[in-house]
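# A structural walkthrough
Given next are the chains, with one letter for each unit.
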Amino acid sequence: MNSFFFYEANLPKILFNQKITLAFTTYQAGKIIFLSSTNGETLVKYAKNFKRPMGIAYDPINQRLAVASKTSIDLFSNSSPLARHFPEYPNKHDHLFIHQSRYQTGFLDTHEIEFGNDQLWVVNTMFSCISSVSPFYHFKTYWKPSFITDLMPEDRCHLNGLELENGEPAFVTCFDGTNAPFGWKNKTLRTGKLIDIRSNKTLLDELPMPHSPVLVNDRIYFLLSGTGEVMEYSLKTGETRCIIKLNSFLRGLAAFGNFLFVGCSKIRDDSTVFSELEISSKSSFCGIYVIDLRTGINVAGITYTDIVKEIFSIKVIPNSISPGLLTERDEYHDKCILAEENLNFWINSRGNPNSP
């Protein structure tokens, strides 16, 4: 991927010290991108093409990765032994995510996705509901807002963000409480909601385009895309505060250790939805900010200046500083065997297995 970007020296240092990789999607550029560092000084950038990728889910226990695209969700499994003996780049990757299955979803305008309790949960934006994947259907309904009367492919409230608690869907964000087809587009600036779906209780209302809720202990961190604010909501006290305000359209949030990783996108010039925002297309930028939760200060970041203009979802891959990913379009995808723990093989050109 030939894109222009610059980053602060603290970014590779933080990624290396925390032993993490940032995975993020940009449906505008059609890519999933891994950012990591193998030495704490330079940044490693790794990208693969997908068709309109949006939500990412990562399961740290089973080391599974899921990517939601335009009409499907692809699942990948990690094999560290195959990574170490990757024929093309031996000893380059510490994780190698290999494509294993695909759920056909149709066009649900799938936003965030999350692994939890042996399910893959989906923000089904087109049908204004939370659903799960199914081997029999395009989706299986789990929950819809109380103000949505029936399930129709009409993106009524622009449901977009999801956070789990104890493996079950718990908190969502949406742009509006309307029940009209695509009604959220008529009045989006201060009509958003943060909802506890277990009680159907609206925790916060009149929010300017809320996105990306993340639960850390007893606090929900979320983004106000319309004003560029990173917010904190206390489940104990109900208090809300702004941690930092950034001059960009915010979307995509991940937490790890003492850090928040915040996705920033440029404002689209031709969008009527964004026309009322305080943030302009000229002053906004695309990149990722790193916020220290202890101080609320931006301590690192990366900024894209060319091809990548929008970021959607961000996830942290722990205990990995150089991951790779094989899709079915890659040359080596059909040359690997991933089975039980000790049954991992690369098949050579003659069809004979080479065990790692």
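Quick note: structure is the one above.
Small disclaimer: the values here were computed from a predicted structure and weren't measured. (Residues numbered from 1 in each chain as written. Predicted model: local features only at pLDDT ≥ 70, side-chain atom pairs only at ≥ 80, totals over all residues. Heavy atoms only, no water.)

### Topic: the nonpolar core
Heads up, the condition is: To qualify as a nonpolar core, a set must consist of buried Ala, Val, Leu, Ile, Met, Phe, Trp, Tyr and Cys residues joined through side-chain atoms within 4.5 Å. Relative accessibility decides the category of a residue: with a 1.4 Å probe and only protein chains considered, values under 20% of the type maximum give buried, values over 50% give exposed, and everything between is partly exposed. Numbering of helices and strands starts at the N terminus; helices are DSSP runs of H or I of at least 4 residues and strands are runs of E of at least 2.
Counting residues in hydrophobic clusters, the biggest one holds 22 residues, and the most contacted among them are Leu 35, Phe 261 and Ile 288. Those elements giving two or more residues to this core turn out to be helix H1 (10-18), strand E2 (20-26), strand E3 (31-36), strand E22 (259-265), strand E23 (286-292), strand E24 (297-304) and strand E25 (314-318). Within the second largest apolar cluster, 15 residues are counted, among which are Tyr 221, Leu 260, Cys 264 and Phe 285.

### Re the sheet that holds strand E8 (residues 95-104)
Selection criterion: In short, DSSP must find at least two bridges between two strands for them to pair. Between the N-to-C directions of two axes lies an angle of 0 to 180 degrees, each axis being a line fitted to C-alpha atoms and, for a helix, fitted only over the stretch in contact.
Pairing is mixed in the open sheet, where five strands are placed in the order E5-E6-E7-E8-E26. The sheet terminates laterally at strand E5 (56-59) and strand E26 (323-326), the two strands that pair on one side only. Here the average twist between neighbouring strands, direction ignored, is 25°. Alignment of E5 against strand E6 (residues 64-68), held across four bridges, turns out to be antiparallel. From the neighbouring strand, Tyr 58 faces E6, where its bridge partner is Leu 65.

### Description of the sheet that holds E2
Strand order in the open sheet made by the four strands is E4-E3-E2-E25, with antiparallel pairing throughout. Two strands bound the open sheet, and with one partner strand each, they are strand E4 (44-49) and E25. Direction aside, neighbouring strands of the sheet carry axes that sit 20° apart on average. Judged from the five bridges that link them, E2 and E25 form a sheet pairing that is antiparallel. Paired with Phe 24 across the bridge in E25 is Ile 314.

### Looking at unusual backbone geometry
In this structure, Asn 200 takes a positive phi of about 55° despite not being glycine. Secondary-structure assignment places Asn 200 in the loop between strand E15 (192-196) and strand E16 (201-207). One non-glycine residue with positive phi stands out, namely Ser 212, at about 55°.

### Re the packing of aromatic side chains
One pair of aromatic rings is described through two measures. These are the centre distance and the angle between the planes. Worth spelling out the cut-off: Pairs were defined over the aromatic rings of Phe, Tyr and Trp, the Trp ring being its six-membered one, requiring ring centres within 6.5 Å. Orientation was assigned from the angle between planes: stacked under 30 degrees, edge-to-face over 60, tilted for the rest.
On inspection of all chains with the given rule, the structure shows 18 aromatic pairs. Ring geometry for Tyr 58 and Phe 97: centres 6.0 Å apart, planes at 90°, overall edge-to-face. On the criterion of sequence distance, the pair formed by Tyr 58 in strand E5 and Phe 97 in strand E8 is long-range, its members being 39 residues apart. Take Tyr 58 and Phe 97: they sit in the same class, and that class is buried. An angle of 45° between the planes, with centres 6.4 Å apart, marks the rings of Phe 259 and Phe 261 as tilted. Three or more aromatic residues joined by ring pairs make a cluster, and in this case those are Phe 5, Tyr 7, Phe 24 and Tyr 304.

### A few points about the pairing of E5
With burial as the criterion, each face of E5 is covered, one bearing Ile 56 and Tyr 58 and the other bearing Ala 57 and Asp 59. Count of turn residues in the E5/E6 antiparallel hairpin: four residues, of which Gln 63 carries a positive phi of about 55°.

### Overview of H1
Let me state the cut-off plainly: As used here, the arc belongs to the directions running from the helix axis to the C-beta atoms. Residue contacts are defined here by distance: any two heavy atoms, one from each residue, within 4.5 Å place the two residues in contact.
All of the buried residues along H1 are Leu 11, Pro 12, Ile 14 and Leu 15. Taken end-on, H1 shows its buried residues confined to a sector of 160°, consistent with a single buried face. Packed against the buried residues of H1 are strand E1 (5-7), E2, E3, E22, E23 and E24.

### Examining the side chain of Ser 248
Definition in use: Two N or O atoms count as a polar contact when they lie within 3.5 Å, although within protein this holds only if one can serve as hydrogen donor and the other as acceptor, and sequence-adjacent residues are included solely when both atoms are side-chain atoms.
Relative to the assigned elements, Ser 248 resides in the loop between strand E20 (240-245) and strand E21 (249-256). Polar contacts involving the side chain of Ser 248 include one to the main-chain carbonyl oxygen of Ser 265, which spans 3.1 Å. Contacts of Ser 248, omitting those with residues within four sequence positions, involve Ser 225, Gly 228, Cys 264, Ser 265, Ile 279, Ser 284 and Phe 285.

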